[in-house]
Amino acid sequence: MLPQPVPEIQRTNLGNVVLLLKSLKVENLLDFDFMDPSPQDKVLNSMHQLWVLGALSSDTGSVTDIGLKMVEFPLDPPLAKMLLVGEELECLDEVVTIVSMLSVPSIFFRLKDQAEKSESDADSRKHLVPGSDYLTLLNLYQQWEDNKCLGD
């Protein structure tokens, strides 16, 4: 075990931090005076992810209009982008459900008993949407809601 724990900023996704600092007009994040600086490759990877999401411009690295909207959400940037695109595509209710289910601990758990595990796996396959974990989550939520939110 390490004598001191690694600071959280060095252990987590920096997407939110980078987007927030960029929205506050911090130009050079590689020289920013972090209390516990992360490795530069993590900062660069976060900047690349934000560029791919359209939150940073490719020419200047400044925050785009969509990036300014994304920074307002208390979510990881990809989830914030999902909400914005969901609104644009008029499927916001479904996207909110998916983002909500991705923002909580997993709804799935594995049983230890082999017989129960086999039965559980068979039940799980009934709800599976081939090729999409996100649509599987949406399908499960809709079935739960259709069954009057019963815990049985």
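Scroll up a little and you will see the structure.
Our subject in this report is the structure included herewith. (Residues numbered from 1 in each chain as written. Predicted model: local features only at pLDDT ≥ 70, side-chain atom pairs only at ≥ 80, totals over all residues. Heavy atoms only, no water.)

Looking now at unusual backbone geometry. In this structure, K25 is a non-glycine residue whose phi angle is positive, near 70 degrees. Within the secondary structure, K25 sits in the loop between α1 (15–23) and α2 (40–52). Look at K25 and you get exposed, because its relative accessible area is 64%. Of note, E90 is a non-glycine position whose phi angle comes to about 60 degrees, a positive value. (Helix = DSSP H or I, 4+ residues; strand = E, 2+ residues; numbered from the N terminus. Buried < 20%, exposed > 50% of the residue type's maximum accessible area, 1.4 Å probe, protein only.)

We now examine the nonpolar core. Membership of the largest hydrophobic core comes to 16 residues, with the highest contact counts inside it found for V18, L19, L29, L50 and M70. Taken together, the elements giving at least two residues each to this core come down to α1, α2 and α4 (77–88). If one sorts the elements of this core by residue count, α1 sits on top with 3 residues. The residues contacting M70, other than those within four sequence positions of it, are L19, L53, A55, P77, A80, K81 and L84. By size, the runner-up hydrophobic cluster in this structure holds 5 residues, among which are L75, L79, L83 and V95. (Core = buried A, V, L, I, M, F, W, Y, C linked by side-chain atoms within 4.5 Å. Contact = heavy atoms within 4.5 Å.)

Where α4 contacts helix α5 (residues 92–102), the two axes come as close as 8 Å, and the packing angle between them is 165 degrees. If you check the angle between α4 and α5, you find them roughly antiparallel. The crossing of α4 and α5 is right-handed. Contact residues: α4 offers L79, M82, L83, G86 and E87, while α5 offers L92, V95, V96, I98, V99 and L102. For the contact of α4 with α5, the per-class residue count stands at 9 nonpolar, 1 polar and 1 charged. (Axes fitted to C-alpha atoms, helices over the stretch in contact; angles between N-to-C directions. Parallel < 35°, antiparallel > 145°, perpendicular 65-115°, else oblique. Left-handed = near helix turned anticlockwise from the far one by under 90°. Nonpolar A, V, L, I, M, F, W, Y, C, P; charged D, E, K, R; others polar.)

What follows concerns the environment of V26. Mapped onto the secondary structure, V26 falls in the loop between α1 and α2. You can call V26 buried: its relative accessible area is 19%. Between the C-alpha atoms of V26 and S62, which are 36 residues apart in sequence, the distance is 9.1 Å. Leaving out residues up to four positions away in the same chain, V26 has contacts with L21 and F32.

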